[in-house]
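Descriptive analysis of the structure
Listed here are the chains, written in short residue letters.
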Amino acid sequence: MPSPHQRLNRQALMGLIVGMVGLAACVPTTKTKAEPTPDLAPNLAQDLAPDLAPDSASVNYETQRDRPTGLLIGSRADRVPPLQDCGTLTTQLAMNECAQKNYARVEDERDFIYQAWQKVLSEDGQTALAAAENAWTQFRDLTCGFERDQFAGGSIAPFIYSGCLTGETIARTDELYKPKLTQTAYESADGILNADYQALQAMLSDTRRSELIAAQLAWIEYRDRHCDFEANYGAANTKTDQCKARLSEKRARQIQADIEQNNM
């Protein structure tokens, strides 16, 4: 593991950021003119629910015949200015500032999707979504603090933190925007995640291990809260275990990236 003050080379740095983002949707590299936001339809929550076959592996709102308006508007390029490739900049300060601006852009998108959902949900649904969002915020802050603290005291730490915030926010927005199902059983996904989690714990110092434990507990709370919301109020009409399996797979990939980073 590199010392807190050691600068990463460009290849290692990019590998770390890619690991944080995981399977978040690709960011456009060319600017697309944003279109006006239409008013939300009163019955949007009902309109959003696709007719899925029981064995359907994914939900793709982009190909729905009667695509709803309001909540799901075009692609990310329609709402979010293109994110800059901060790794091409020549100074650490410029990279840090660039990463912070990227985070602000994707946070605006997440807030837009969240507020749109709140306008079409019942009171109980609003409460469930707010609980999931609060749990996700706790997890985001703890896991990105864990990522940053590997480089505590180094000038690269703010860049790592903002990059993590950006990746987690894109992933969260995708959960609200177009969640994908998985064919993996929850028990299997949970077993893989637990094995990876234990492997990462064994590589860490006591302080870093405590940070990881706190982040993982926060993730479990988020998983449970979000899957409760999705199963009862979400557009994809998924079951709780389907949701938990999907989130467990994503979390396992994140931890696997941390294992690879610690092996460098």
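Residues numbered from 1 in each chain as written. Predicted model: local features only at pLDDT ≥ 70, side-chain atom pairs only at ≥ 80, totals over all residues. Heavy atoms only, no water.

Along the backbone of the protein chain there are nine helices and zero strands. Put simply, the protein chain runs from its N terminus to its C terminus through helices and strands in the order α-α-α-α-α-α-α-α-α. The proportion of buried residues among the 264 residues of the protein chain is 47%. Pairs at least 24 residues apart make up 79% of the contacts formed inside the protein chain by residues separated by at least 6 positions. Put simply, the protein chain shows about 13,100 Å² of open surface, and 50% of that area lies on carbon and sulfur atoms. (Helix = DSSP H or I, 4+ residues; strand = E, 2+ residues; numbered from the N terminus. Buried < 20%, exposed > 50% of the residue type's maximum accessible area, 1.4 Å probe, protein only. Contact = heavy atoms within 4.5 Å. Areas by Shrake-Rupley, 256 points an atom, 1.4 Å probe, with all protein chains shown as cover.)

Now for the packing of helix H8 (residues 206-233) against helix H9 (residues 240-262). The interhelical angle for the contact between H8 and H9, taken along N-to-C directions, is 150°, at an axis separation of 9 Å. With respect to each other, H8 and H9 are oriented roughly antiparallel. Relative to H9, the crossing made by H8 is right-handed. Contacts between H8 and H9 pair Leu212, Ala215, Gln216, Trp219, Tyr222, Arg223, Asp224, His226, Cys227, Glu230 and Ala231 from the former with Thr240, Cys243, Lys244, Arg246, Leu247, Ser248, Arg251 and Ile255 from the latter. Partitioning the contact of H8 with H9 into residue classes produces nine nonpolar, four polar and six charged. (Axes fitted to C-alpha atoms, helices over the stretch in contact; angles between N-to-C directions. Parallel < 35°, antiparallel > 145°, perpendicular 65-115°, else oblique. Left-handed = near helix turned anticlockwise from the far one by under 90°. Nonpolar A, V, L, I, M, F, W, Y, C, P; charged D, E, K, R; others polar.)

A rise of 1.5 Å per residue sets the reference length of H8, with its 28 residues, at 40 Å; its end C-alpha atoms lie 40 Å apart and thus fit the reference within 8%. Within H8 the residues assigned to the buried category are Arg208, Leu212, Ala215, Gln216, Ala218, Trp219, Tyr222, Arg223, His226, Cys227, Phe229 and Glu230. Elements in contact with the buried residues of H8: helix H4 (92-120), helix H5 (123-149), helix H6 (157-177), helix H7 (186-203) and H9. (Expected span 1.5 Å × (residues − 1).)

In terms of nonpolar packing, the biggest core is built from 18 residues, with Phe139, Leu200, Leu212, Trp219, Tyr222, Leu247 and Ile255 touching the most fellow members. Broken down by secondary-structure element, the contributors of at least two residues to this core are H5, H7, H8 and H9. Setting aside residues no more than four positions away along its own chain, Leu212 makes contact with Phe146, Tyr197, Leu200, Gln201, Leu204 and Arg251. Trp117, Leu121, Leu129 and Tyr177 belong to the second largest nonpolar core, which has 11 residues in total. (Core = buried A, V, L, I, M, F, W, Y, C linked by side-chain atoms within 4.5 Å.)

Another point: a nonpolar patch on the surface. A cluster of nonpolar residues, Ile213, Leu217 and Ile220, forms a patch on the protein surface that exposes about 240 Å² of accessible area. Relative to the helices and strands, Ile213 is located in helix H8. (Patch = residues over 30% accessible without salt bridge, like charges linked within 9 Å, V, L, I, M, F, W, Y side chains within 5 Å. Salt bridge = Lys/Arg side-chain N within 4 Å of Asp/Glu carboxyl O.)

Along the chain, Pro179 falls in the loop between H6 and H7. In this structure, the C-alpha to C-alpha distance between Pro179 and Gly234, residues 55 residues apart in sequence, is 9.3 Å.

The next point concerns the packing of H4 against H6. Helices that pack against each other are described as a pair by the angle of their axes relative to one another and the distance between those axes. One way to put it is that H4 packs onto H6 with a least axis distance of 8 Å and a crossing angle of 20°. When the interaxial angle is binned, H4 and H6 end up roughly parallel. Crossing geometry of H4 relative to H6 is assigned as left-handed. Here the contact of H4 with H6 is built from residues that sort into 13 nonpolar, eight polar and four charged.

Throughout the structure, instances matching the rule amount to three disulfides. Bridging Cys86 to Cys98, the disulfide has an S-S length of 2.0 Å. On the S-S bond that ties Cys86 to Cys98, the torsion sits near -80°, and the link is left-handed. On the criterion of sequence distance, the pair formed by Cys86 in the loop between helix H3 (76-79) and H4 and Cys98 in helix H4 is long-range, its members being 12 residues apart. There is no split in this pair, since Cys86 and Cys98 are both buried. (Disulfide = S-S within 2.5 Å.)

Turning next to the pattern of salt bridges. Under the defined criterion, the tally for this structure stands at 13 salt bridges. Between Asp206 and Arg209 there is a salt bridge, with the nearest N and O atoms lying 2.8 Å from each other. Taken together, the positions of Asp206 and Arg209, both in helix H8 and three residues apart, correspond to about one turn of that helix. For Arg223, the salt bridge goes to Asp224, with nearest N and O atoms at 2.9 Å. Overall, the relative accessible area of 9% leaves Arg223 in the buried class. Judged by its relative accessible area of 31%, Asp224 falls in the partly exposed class. It is possible to trace a salt-bridge network through shared partners that takes in Glu107, Arg110, Glu133 and Arg172.

Coordinates in, geometry out; function isn't part of it.
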